[in-house]
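Residue-level structure breakdown
Here is how the chains run, residue by residue.
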Amino acid sequence: MLQHLLAKLVCSSCKGELAQSDTALQCRRCQAAYTIEHRYVSMLDRREQVDRPSDWKRKEGEIRDYSEIANSLALSGIGRFATFLNYGYVPIGNEQHAVIEPDEVWNRNSVKLLLEVAGGTAIRERDVIDIGCGRGGNIAALHKYFKPLSLVGLDICPSNIAYCSAKSKLTEASFLVGDAENIPFADDSFDVALNIESAHAYPNRARFYEEVYRILRHGGVFLYTELMLEEQVEQNVRLMEEAGLSVIRNQDVTPNVLLSCDENAKQRTGAQGIANNANASANIGDIDDFIALPGSRKYEEMKDGRRQYRMMNLIKR
Ligand SMILES: C[S@@+](CC[C@H](N)C(=O)[O-])C[C@H]1O[C@@H](n2cnc3c(N)ncnc32)[C@H](O)[C@@H]1O
């Protein structure tokens, strides 16, 4: 799969053609250098450390936090079950879009979240990218329920991608280290782009939305969920529209996510598994807040409306 993926990549920064050796890729145009590891490729352009040091610092923080979570999950013995890093979703009486009922016992609410954001989108036999794929749970569930033609999981954290690459046996799926703001694929490469609970961490959200628009084919769909401050919702919609994406669904599903947070608080895997096993993660300040446990600041802000969990579908017309 790695050779197959390498053939499709372009320079993360200038989208130029890449020259390949056994252990590296180099852009023929701007000379950016990338590394080929044992099982995966890292497409981070490290020149950002110098060009945009404050953005890079935030991204390094994400890499550090998720590496610590990966380490503590590996030590805990539940690592192989903990394939999602999101709050999950529980259906209640409000508008529902999922067209499939999952059979999972473990991580059921996370699979529900995916099926809900996907709704009736055409995914079968399509090319799909999961941006901020974490530990690959969404890629596995997409394969199981929709049978896409190809699946790419991209994440900035090498520990996550090492985990996905080692765990996944799917011949249709490939994983790479990369930055959502600088996606190393050519224009018009995908039919569906998925992004679940990741974009809050991107310093330049407008740049991310432009990248999503660029890599989607005409008619391609962006499936997007994010916890946002209430006052940021309109601003994000504006940025997506300025990037060229048209909103076809924009739903507040905060009550469904809060219910899932309540359930997670009682379980060993999913978000609660992370909380139980993240004691070694000294750098992740408030782990309860990180996973929105009942009583945490994030949970309470969702309850009182200051934060909204938005579920959106957008289309490149
Ligand atoms: C809360 S987790 C969600 C993971 C996954 N989407 C899921 O639903 O399980 C956020 C993920 O976004 C990734 N991430 C953060 N900043 C990123 C960036 N600039 N580019 C790509 N991935 C990023 C993190 O490494 C982490 O795996």
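All figures in this text were calculated on a predicted structure; none of them were measured in a lab. (Residues numbered from 1 in each chain as written. Predicted model: local features only at pLDDT ≥ 70, side-chain atom pairs only at ≥ 80, totals over all residues. Heavy atoms only, no water.)

Across a sheet, paired strands are connected by hydrogen bonds in the backbone, their directions being either parallel or antiparallel. Read from one edge to the other, the open sheet built from eleven strands follows the order 1-2-3-4-7-6-5-8-9-11-10, with strand pairing classed as mixed. Every other strand in the sheet has two partners, leaving strand 1 (18–20) and strand 10 (245–252) as the edge strands with one partner each. One ladder, built from five bridges, connects strand 5 (residues 127–131) with strand 6 (residues 150–155); its direction is parallel. Bridge pairing in strand 6 places Ile131 opposite Leu154. On top of the sheet, helix 4 (residues 108–118) reaches strand 8 (190–196), strand 9 (216–229), strand 10 and strand 11 (307–316); it is set at about 45 degrees to strand 11, its chief contact. Packing of helix 6 (residues 158–167) onto the sheet brings it into contact with strand 6 and strand 7 (173–177), and relative to strand 7 it is tilted by some 160 degrees. (Pairing = 2+ DSSP bridges. Helix = DSSP H or I, 4+ residues; strand = E, 2+ residues; numbered from the N terminus. Contact = heavy atoms within 4.5 Å. Axes fitted to C-alpha atoms, helices over the stretch in contact; angles between N-to-C directions.)

With that out of the way, let us pick up the side chain of Ser67. Within the secondary structure, Ser67 sits in helix 3 (residues 53–76). For Ser67, the side chain forms a polar contact with the side chain of Ser159, separated by 3.3 Å. Excluding its chain neighbours within four sequence positions, the residues that come into contact with Ser67 are Cys157 and Ser159. (Polar contact = N/O pair within 3.5 Å; in protein donor to acceptor, adjacent residues only side chain to side chain.)

Reported here for the largest pocket is a volume of approximately 600 Å³. In terms of lining residues, the largest pocket is bounded by 26 residues, among which Glu62, Tyr87, His200, Phe290 and Lys298 are the most central. Put simply, the parts of the chain that give the lining of the largest pocket at least two residues each are helix 3, strand 9, helix 10 (270–277), helix 11 (287–290) and helix 12 (297–303). Here the lining of the largest pocket is composed, by residue class, of twelve nonpolar, three polar and eleven charged. Of the volumes computed, that of the second largest pocket is approximately 380 Å³. Taken together, 21 residues form the lining of the second largest pocket, with Thr83, Phe84, Gly137, Ala140 and Lys167 sitting closest to its centre. (1 Å grid on protein atoms, 1.4 Å probe; cavity = no way out; pocket = protein on both sides within 12 Å on 5 of 7 lines; lining within 4 Å. Points joined across faces, edges and corners; volume = space filled by probe spheres on them. Nonpolar A, V, L, I, M, F, W, Y, C, P; charged D, E, K, R; others polar.)

Another aspect to go through is the site of the ligand. Taken together, 21 residues form the shell around the ligand, and within it Leu85, Asn86, Gly132, Asp155 and Ser198 come nearest. One nitrogen or oxygen atom from the main chain of Leu85 is found 2.7 Å from an oxygen atom belonging to the ligand. One nitrogen or oxygen atom from the side chain of Ser198 is found 2.7 Å from an oxygen atom belonging to the ligand. The cavity where the ligand resides is the largest cavity. Its residues assigned to classes, the shell around the ligand shows ten nonpolar, seven polar and four charged. (Near = heavy atom within 4 Å. Sits in = over half its atoms within 2 Å of the grid points.)

Moving on, we get to the nonpolar core. If you look at the biggest cluster of nonpolar residues, it comprises 43 residues, and the most contacted ones within it are Ile123, Leu142, Leu223 and Tyr309. Considering each element in turn, this core owes the most residues, six residues, to helix 4. The residues touching Leu223, leaving out its near neighbours within four places in the chain, are Val117, Ala118, Thr121, Ile123, Val192, Ala193, Leu194, Asn195, Met312 and Asn313. Of all hydrophobic cores here, the second largest spans 41 residues; its members include Leu25, Cys27, Ala199 and Ala201. (Core = buried A, V, L, I, M, F, W, Y, C linked by side-chain atoms within 4.5 Å. Buried < 20%, exposed > 50% of the residue type's maximum accessible area, 1.4 Å probe, protein only.)

With that settled, consider the UniProt feature "domain: Methyltransferase type" (unreviewed entry) in the chain. According to UniProt, the feature "domain: Methyltransferase type" (unreviewed entry) maps to residues 129–223 in the numbering used here. End C-alpha atoms of residues 129–223 are separated by 10 Å, and the span's content is 33% helix alongside 31% strand. (UniProt positions renumbered as here; feature names shortened; annotations may be inferred.)

Further remarks concern helix 3. For helix 3, with 24 residues, the first-to-last C-alpha span of 34 Å sits near the 34 Å given by 1.5 Å per residue. Once helix 3 finishes, Gly77 follows within two positions and takes phi at roughly 90 degrees, a positive value. (Expected span 1.5 Å × (residues − 1).)

Examined against the element boundaries, Val111 turns out to sit in helix 4. Residue classification places Val111 among the buried positions, given a relative accessible area of 1%. Residues Val111 and Asn86 lie 25 residues apart in sequence; the distance between their C-alpha atoms is 10.0 Å. Excluding its chain neighbours within four sequence positions, the residues that come into contact with Val111 are Phe84, Pro102, Glu104 and Tyr145.

Two elements in contact, helix 4 and helix 5 (residues 137–146), have axes whose closest approach is 10 Å; the angle formed by their N-to-C orientations is 60 degrees. The angle between helix 4 and helix 5 falls in the class oblique. Here helix 4 runs over helix 5; the crossing is right-handed. Listed contacts from helix 5 to Val111, Leu114, Leu115 and Ala118 of helix 4 are Asn138, Ala141, Leu142, Tyr145 and Phe146. A class-by-class count of the residues in the contact of helix 4 with helix 5 yields eight nonpolar, one polar and no charged. (Parallel < 35°, antiparallel > 145°, perpendicular 65-115°, else oblique. Left-handed = near helix turned anticlockwise from the far one by under 90°.)

The next point concerns the packing of aromatic side chains. For the coordinates displayed, the defined rule picks out nine aromatic pairs. A ring pair is formed by Tyr87 and Tyr309, whose centres lie 6.3 Å apart and whose planes are at 70 degrees; its orientation type is edge-to-face. One end of the pair, Tyr87, is in the loop between helix 3 and helix 4; the other, Tyr309, is in strand 11, with 222 residues separating them in the sequence. Both residues of the pair, Tyr87 and Tyr309, count as buried. An aromatic cluster is defined as three or more aromatic residues linked by ring pairs; in this entry it consists of Tyr202, Phe208, Tyr209, Phe222 and Tyr224. (Phe/Tyr/Trp six-rings, centres within 6.5 Å; stacked < 30°, edge-to-face > 60°.)

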